[in-house]
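Listed below, chain by chain, are the residues.
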Amino acid sequence: MIKLYKSLTADEIKKASVEDLFSSLSTGKTGISSQEAKKRLEEYGYNEIEEKKINPLRKLFGYFWGPIPFMIEIAAVISAIISHWEDFWVIMSLLLINGTVAFFQEHKADNAINLLKQKLSIRSRVLRDGKWVELSSRDLVPGDVIRIRLGDIIPADAKLFDGEYFSVDESALTGESLPVEKHVEDVAYSGSIVQKGEMSALVVSTGMRTFFGKTAKLVEEARTKSHFQKALVKIGDYLIALAIGLVVLVFLVAMFRHGGLLETLQFALVLMIASIPAALPAVLSVTMAVGATVLAKKQALVSKLTAIEEMAGVDILCADKTGTLTKNDLSVADLVTFDRFTDSDLLMFASLASRGEDTDHIDNAILTRAKTSGALEKSKSYKQLSFKPFDPVIKRVEAKIEDPSGKEFAVSKGAPQSILALVLNKDDTSKVDENVRRLAAKGFRSLGVARTNLQGIWEFVGIISLHDPPRDDSKDTIRTAKTMGIDIKMITGDHMDIAKEIARELNLGTNIQDASQIIDKTDKEIQGVVEQADGFAQVFPEHKYKIVGALQANGHIVGMTGDGVNDAPALKKADVGIAVFGATDVAKSAAHIVLTQPGISVIIDAIKESRKIFQRMNNYAIYRISETIRVLFFLVFSIIAFSFYPITPLMIVLLAILNDVPIMTIAYDNVKISSSPERWNMRKVLGIATGLGMIGVVSTFVLLYIGMNVFDLKTGSLQSLVYLKLSVAGHMLFFVARTRGHFWTVKPALKLFLAIITTQMIATIITAQGILVPAIGWYNALFVWGYAFAWFLVTDFVKGPIYKLLEHKGLNLRNSK
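Criteria and thresholds
Residues numbered from 1 in each chain as written. Predicted model: local features only at pLDDT ≥ 70, side-chain atom pairs only at ≥ 80, totals over all residues. Heavy atoms only, no water. Helix = DSSP H or I, 4+ residues; strand = E, 2+ residues; numbered from the N terminus. Buried < 20%, exposed > 50% of the residue type's maximum accessible area, 1.4 Å probe, protein only. Contact = heavy atoms within 4.5 Å. Pairing = 2+ DSSP bridges. Axes fitted to C-alpha atoms, helices over the stretch in contact; angles between N-to-C directions. Core = buried A, V, L, I, M, F, W, Y, C linked by side-chain atoms within 4.5 Å. Salt bridge = Lys/Arg side-chain N within 4 Å of Asp/Glu carboxyl O. Parallel < 35°, antiparallel > 145°, perpendicular 65-115°, else oblique. Nonpolar A, V, L, I, M, F, W, Y, C, P; charged D, E, K, R; others polar. Phe/Tyr/Trp six-rings, centres within 6.5 Å; stacked < 30°, edge-to-face > 60°. Polar contact = N/O pair within 3.5 Å; in protein donor to acceptor, adjacent residues only side chain to side chain.

Notes on the overall build of the protein chain
Now for step 1: Looking only at helices and strands, the protein chain features 30 helices and 22 strands.
Now for step 2: A total of 817 residues make up the protein chain; the buried ones form 53% of that total.
Now for step 3: Relative to all contacts within the protein chain whose residues are 6 or more apart in sequence, the contacts with residues 24 or more apart total 71%.

Structure representation (structure tokens):
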């Protein structure tokens, strides 16, 4: 007897026999009970690698120590040095409020992402209470019996005890690129990938006690920035550079006029605060997290957040036929027998080459038909001695069988051409080809079945046809996709005639090409073929990779669906890799989005939601640039022209914080879905933002003139008047920026609207009543609201011609190239 499971080392697991481990772990080959599993889970812990977690207090502290908070803190210190204590305490209070709000918003976003990660966890086939069930891999405990198949990521360290062999990729653990062959009594390590074969195993170590958990130094995954994130960073850099240039100008003017250095420095700092998009990280995090949560409700789990933006730009979707365009609800249709064999023989031999516990769609269809015909009952007198699972290279399954008399023979089922290759009697070739074509014309897939005779010679038993009808929603969804500017290309490994029949039924177009058309051709020739084709038949995984690459070379943003282990390279190469419902663990890990429901409608829903998210971020970018231009240019030119500061540093901090906090609710805003794929157009964004911002500059200068010469306000009240106008007009500007048409064409989300109204009411009360700033009275405050609203209408009507001018210039620019 060896040590109890909690004390087992990796060497002891290797040296111990399977029987010793079963005894040590107090379990049998029928697994453990659910009650015992629960007890061990409480004692041993969940099967998961613990990630390094950041202390919440440390994370909260991070919001008060960075470039932007640091500048605010310096401004507060300067306020104290020059004895502006009121400004000091208000600035510090606002900094605390802003940091706390940002912390809780991002904390909420992190929780949403963690929930998605749990939904994406690997699932395992486990023997509990003597029955095969599917459980989350995190619930595995030592003593569990699991079934590991092609395409699985091994969920725990386990000792293999049943099955012929399998080949695993242990490169994530050892760095060795070549696959390792495993047999009974070998140890399969957590994190390795099954490339071939199928075996049962006894779980020995889980979580941090696995080989991977003990030896791997986990580091946070490097997050790739999406095109949109890079664009927003460029916008931030542009605004900061603009602010620095204007601040330098302010300093030069102050030095020329012999102004106070500390006062100028304080104003310069808060000017930088106003120009830097401080809310950008929080807006990005919250918008992406909220979007990912919405996508999860639509049965699309996002494993890489950058895929949300990429999906908005997808203009070609390469969709698998089986399970995406069709129901993946296989049923046996026609049976074709050869020579002396009967339908019952065909179904019986096919059943002997199947395993019900693997829950394979093809096996289930065959076993169901065999059960209703009585062939399954007949097969029970035979014994399955060994089983070689489906190999995607040779495209067939093989099993060794013992008949009631004790004689042994082999059975195999798989692609008709692969089965035909086993048979010496080549007279069957024409009959097989003819029947495969005939069945394919009906939209049926064909499966060949063969067995060996007493001399060990393979005999072709017959063909089983399988029917997988198109999904009820596929035709309408494809029509919707076309109206959204998305071209769908069907990708299938099935026969050409099957592909054409399904394409005809779904109105996809019948220019279906054989995948051999992209072999041994130049890149340019391949690009021409894939561009014109409506789909591809008889596709192998390496063909998918070439198809994606050719489409990307033609300037397309490509979405690719897949489910198998060999689809992983194409899923990774695609701009958006989509693991369809029922995909292998390897396909899920390679994909950007994992579907938890079959069908193409889920993908189209996800694209619609991604376009909404893109629109929200695009609206935010236009608003943020416009707002910065509006405030910066007005303040700097006021200093130069009138030799005074039109608002105080405290007012700038108030403006930055009160305007940024409600903008975080942009993640929930209503937007109009674009009828074409979204692409980041920096020229248009900068053009429209500059136009809207300059209108704001002009309107504020007009108000400044009214305040100075009509209302004859003193400096303090004039500054409060200008501050209220900048605050109110700033959020009115957002209502202009958030729509391509007039502001009333898309109703804002209630959460966003209430957040903006609340903050602007606070700004109005502050200025009208004289809280923290000089009072202007309710009459002047209401005048500012009316004045801002009038310019809001002017800006909204001018916006349309600006868009048309930019689009006209863009068209001329493209035509001139």
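Comments concerning the sheet that holds strand β14 (residues 408–414)
Now for step 1: Strands sit in the order β11-β16-β15-β14-β13-β12 across an open sheet of six strands; the sheet is antiparallel. Since the sheet does not close on itself, it has two edges, and those belong to β11 (331–337) and β12 (383–391), each with one partner. Neighbour to neighbour, the strand axes of the sheet diverge by 20 degrees on average, direction disregarded.
Now for step 2: Pairing of β11 with strand β16 (residues 458–467) involves five bridges; the strand directions are antiparallel. In the strand pairing of β16, T337 is matched with G462.

So, the sheet that holds strand β18 (residues 512–514)
Now for step 1: Here we have eight strands laid out as an open sheet, ordered β9-β22-β21-β20-β10-β17-β19-β18, and mixed in their pairing. Every other strand in the sheet has two partners, leaving β9 (300–302) and β18 as the edge strands with one partner each. Neighbour-to-neighbour, the strand axes of the sheet open up by a mean angle of 20 degrees, direction not taken into account.
Now for step 2: When strand β10 (residues 316–320) meets strand β20 (residues 558–562), the two strands line up parallel, connected through three bridges. Looking across to β20, one finds that I316 is bridged to V558.
Now for step 3: Running over the sheet, helix α25 (residues 600–642) touches β9, β10, β17 (487–491), β20, β21 (576–579) and β22 (593–595) and is turned about 155 degrees from β10.

As for unusual backbone geometry
Now for step 1: The phi angle at D339 is positive, at roughly 50 degrees, despite the residue not being glycine.
Now for step 2: Even without being a glycine, D712 presents a positive backbone phi close to 50 degrees.
Now for step 3: Position of D712 among the secondary structure elements: in the loop between α27 (682–710) and α28 (715–737).

Notes on the nonpolar core
Now for step 1: Formed by 71 residues in total, the largest nonpolar core has its most connected members in I622, I647 and Y723.
Now for step 2: Of all the secondary structure elements, the ones that give two or more residues to this core are α9 (227–256), α25, α26 (649–663), α27, α28, α29 (750–769) and α30 (777–815).
Now for step 3: The contact partners of I622, leaving out residues within four places of it in the chain, are V685, I688, A689, L692, A737 and Y803.
Now for step 4: Formed by 40 residues, the second largest nonpolar core is a distinct cluster that contains I486, A503, I557 and I593.

A short note on the environment of A333
Now for step 1: Within the fold, A333 resides in strand β11.
Now for step 2: Considered as a pair, A333 and S465 are 132 residues apart in the sequence and their alpha carbons are 5.3 Å apart.
Now for step 3: The contact partners of A333, leaving out residues within four places of it in the chain, are R369, F444, S465 and H467.

Description of helix α20 (residues 496–506)
Now for step 1: Of the residues making up α20, those classed as buried are M496, I498, A499, E501, I502, A503 and L506.
Now for step 2: Phi for N507, located one or two positions after α20, is positive at around 60 degrees.

Things to note about the pattern of salt bridges
Now for step 1: With the rule as written, the count across this model stands at 22 salt bridges.
Now for step 2: Among the ionic pairs, D144 bridges to R128, the shortest N-O distance being 2.7 Å. Taken together, the residues D144 in the loop between β2 (131–136) and β3 (145–149) and R128 in strand β1 (residues 123–128) connect sequence positions 16 residues apart.
Now for step 3: Owing to a relative accessible area of 10%, R128 belongs among the buried residues under this scheme.
Now for step 4: When the shortest N-O distance is used, the salt bridge between R479 and D476 registers 2.8 Å. With a gap of three residues between them, R479 and D476 both fall in helix α19 (residues 474–483), about one helical turn apart.
Now for step 5: Residue D476 is classed as partly exposed on the basis of its relative accessible area, which comes to 43%.
Now for step 6: Through salt bridges with shared partners, one network takes in R147, R149, D162 and E198.

Notes on the packing of α28 against α29
Now for step 1: Remark: α28 packs on α29, axes separated minimally by 9 Å, with the N-to-C direction vectors making an angle of 170 degrees. Relative to α29, α28 is oriented roughly antiparallel. Where α28 abuts α29, its residues S720, Y723, L724, S727, V728, H731, F734 and F735 lie against L752, F753, I756, T759, Q760, A763, T764 and T767.
Now for step 2: The residue makeup of the contact of α28 with α29, split by class, is nine nonpolar, seven polar and no charged.

So, the packing of aromatic side chains
Now for step 1: On inspection of all chains with the given rule, the structure shows 16 aromatic pairs.
Now for step 2: Note on F341 and F349: the rings are 6.2 Å apart at their centroids and 90 degrees apart in plane angle, and the pair reads as edge-to-face. The pair formed by F341 and F349 is uniform in burial state, with each residue classed as buried.
Now for step 3: Each ring, one from Y623 and one from F734, has its centre 5.4 Å from the other, and the planes form 90 degrees; the classification is edge-to-face.

Digging into the environment of V736
Now for step 1: Residue position: V736 is located in helix α28.
Now for step 2: Considered as a pair, V736 and N619 are 117 residues apart in the sequence and their alpha carbons are 9.4 Å apart.
Now for step 3: Setting aside its immediate chain neighbours within four residues, V736 contacts L692, F792, T795, D796 and K799.

A look at the environment of R451
Now for step 1: As for its position among the elements, R451 is in strand β15 (residues 444–452).
Now for step 2: Taking the relative accessible area as the measure of exposure, R451 reaches 16% and is therefore buried.
Now for step 3: Residues R451 and L422 lie 29 residues apart in sequence; the distance between their C-alpha atoms is 9.6 Å.
Now for step 4: Apart from residues no more than four positions distant in its own chain, R451 is found in contact with F341, F349, F409, A410, V411, I457, W458, E459 and V461.

Observations concerning the side chain of T326
Now for step 1: Relative to the elements of secondary structure, T326 occurs in the loop between α13 (321–325) and β11.
Now for step 2: Using a relative accessible area of 0% as the deciding quantity, one classes T326 as buried.
Now for step 3: Within the structure, the side chain of T326 is placed 2.5 Å from the side chain of D468, a separation counted as a polar contact.
Now for step 4: Excluding its chain neighbours within four sequence positions, the residues that come into contact with T326 are K321, D468, P469, P470, R471 and I502.

Geometric values such as these leave the question of function open.
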